[in-house]
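Secondary and tertiary structure notes
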Amino acid sequence: MEVPTGDVPPATRLYRRIPPRWLHHDIENNCVRVSSAAFRDRDTSIYLEDALAVLGRQPSEVLDDYPDDYSLVSLTAEEVSSAEQAVQRSPDIKDEMAEDDVGWAHGEFCGPRSKTTRQWLREHARWVVAPPNACPDAAAGTV
Amino acid sequence: MPVLAGGTVEVIPAPAERVSSQATAMAVVHIHGVYPSDDALSSSEGLWAPLVLGSGLGVKDTVARQGVAPSNWLRGWSREAQLALGQSFADVPGLLIFVPYQEIAGERDAATWRQAATKTPWWPATAEELNELSLLPSDWDSYGSPPPDAAAITEAITLLWKVMEADTAPPGLVPLSDGGLQLEWSAADGSVVEVITGSVEDRGIFIQDAVGNWWEGSLDLPADVDRLTGYLAGETALA
């Protein structure tokens, strides 16, 4: 298997791992949504859909080594680029890494991150692995 | 803000409508083996109730450490007694927060105190969550981040006591990857309020309303904090 290199096609989904502390309870709607804090870092760690597919891994498997209360959201490369972010592949290479380790599919999106940009990214993120009681306006539960 | 040896105390005049006549101020104290001096507390003529964040101690532990029965320790504290209480926590690392004590009806056990002492419905749950945040380990997010720093938590508490009304919804408290803390309120119409505290580059206020108008303000400008207060109270619109 050969993991893709180079430019990321616009339709490629980018998967962002969400620790439970980045979930915000929306009291008025009594549901849970992703905080913009998940998109605050200038270099935002993600996994790339096309690379995961070549590895034969499901998106949800990027959470295999994390506690059950972690969630996963996705944006497309096109969406992220429209927010003036550059998407790049950056495999997370470790010692004695299996051929199909999800680390091969690791990447980042980088760029200036104003508070409005963070909000935009949050609003466009879709649940892939949703927490219990996820707000439906984040396209809960499905890829 | 009076500065103490190794720590700080800020005494914040509290609006009369938010607290009873017994409490005229609250203090936020960051201690690592220090305690506010008598002078630092002199602006308060009310009583104080302690809550220790980041130590793993709850109210019951606080009472036990003081060695005073719950029915007695809340009432009639002299300033000397308050200082003695503080000194009894001198070896506890973390945040010692004094909140205004108010009249408590009925049984004065720890749970009752926690519910009734402040008459601010948002505070008990917020205090619990701040306590949890202050105890987060490094790498709490699996991205290698440090826990929120004490300055971010202290600033958040100080701000909340300034801007919250009794019926304001409690904020979501979201730790940031560089030790800052984000306070979030979101409404059913899609509007969002975010405040970032701590020694971080993007510290400040951000409000975005339901139609996408947005505004950024500074935590250092009283007019901006007032605007935040008005927005949270539903009295101020962006446009």
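Residues numbered from 1 in each chain as written. Chains lettered and ligands numbered in written order. Predicted model: local features only at pLDDT ≥ 70, side-chain atom pairs only at ≥ 80, totals over all residues. Heavy atoms only, no water.

Here the focus is the overall build of chain A. From N to C terminus, chain A includes three helices and eight strands. Helices and strands in chain A line up, N terminus first, as β-β-β-β-α-β-α-β-β-α-β. Relative to its length of 143 residues, chain A is compact, with a C-alpha radius of gyration of 15 Å against a globular reference of 15 Å. Dimensions along the principal axes, computed over C-alpha positions, put chain A at roughly 50 × 30 × 25 Å. Within chain A, the fraction of its 143 residues that count as buried is 52%. Here the analysis covers contacts within chain A between residues at least 6 apart in sequence; of these, 73% occur between residues at least 24 apart. When the accessible area of chain A is evaluated, it comes to approximately 6700 Å², of which 47% is carbon and sulfur surface. Here chain A holds 15 positive side-chain charges and 25 negative ones, and the gap between their average locations is 8 Å. (Helix = DSSP H or I, 4+ residues; strand = E, 2+ residues; numbered from the N terminus. Rg over C-alpha atoms; globule rule 2.2 N^0.38 Å. Buried < 20%, exposed > 50% of the residue type's maximum accessible area, 1.4 Å probe, protein only. Contact = heavy atoms within 4.5 Å. Areas by Shrake-Rupley, 256 points an atom, 1.4 Å probe, with all protein chains shown as cover. Lys, Arg positive; Asp, Glu negative; His and termini not counted. Charge placed at Lys NZ, Arg CZ, Asp CG, Glu CD.)

Interface extent is often summarised as the accessible area lost during association of the parts. Contact with chain B, which involves 34 residues of that partner, is made by 25 residues of chain A. For the pair chain B and chain A, the summed buried surface comes to about 2400 Å²; carbon and sulfur atoms form 47% of the total. Connecting chain B to chain A are four salt bridges. Across the salt bridge formed by Asp202 of chain B and Arg40 of chain A, the nearest N and O atoms sit 2.7 Å from each other. There are 17 residue pairs in polar contact (both at pLDDT 80 or more) connecting chain B and chain A. Counting only elements with at least two residues in the side of chain B that touches chain A, the list comes to helix 6 (122-134), strand 6 (172-175), strand 7 (181-186), strand 8 (192-197), strand 9 (204-208) and strand 10 (214-217) of chain B. Considered class by class, the residues forming the side of chain B that touches chain A number 18 nonpolar, seven polar and nine charged. (Buried area = accessible area lost by both parts, 1.4 Å probe. Salt bridge = Lys/Arg side-chain N within 4 Å of Asp/Glu carboxyl O. Polar contact = N/O pair within 3.5 Å; in protein donor to acceptor, adjacent residues only side chain to side chain. Nonpolar A, V, L, I, M, F, W, Y, C, P; charged D, E, K, R; others polar.)

According to the stated counting rule, one finds 14 salt bridges over all chains in the structure shown. In this structure, Asp202 of chain B and Arg118 of chain A form a salt bridge, with 2.6 Å as the shortest nitrogen-oxygen distance. One end of the pair, Asp202 of chain B, is in the loop between strand 8 and strand 9; the other, Arg118 of chain A, is in helix 3 (residues 115-124), on a second chain. Take Asp202 of chain B and Arg118 of chain A: they sit in the same class, and that class is buried.

Before going further, it helps to examine the state of the cysteines. Residue and element names in this part refer to chain A. According to the stated counting rule, one finds one disulfide over all chains in the structure shown. A disulfide bridge connects Cys31 with Cys135, and the sulfur atoms are separated by 2.0 Å. Torsion about the S-S bond of the Cys31 and Cys135 cystine: about 90°, corresponding to right-handed handedness. Of this pair, Cys31 sits in strand 3 (residues 31-34) while Cys135 sits in the segment after strand 8 (126-129), and the two are 104 residues apart along the sequence. Just as Cys31 is buried, Cys135 falls in that class too. (Disulfide = S-S within 2.5 Å.)

Looking now at the nonpolar core. Side chains of a nonpolar character, in soluble globular proteins, are inclined to be buried together. Among the nonpolar cores identified, the biggest contains 68 residues, and Leu14 and Phe39 of chain A together with Leu228 of chain B are the most heavily contacted of them. The residues touching Leu228 of chain B, leaving out its near neighbours within four places in the chain, are Leu159, Val163, Val193, Val195, Ile205 and Ile207 of chain B. (Core = buried A, V, L, I, M, F, W, Y, C linked by side-chain atoms within 4.5 Å.)

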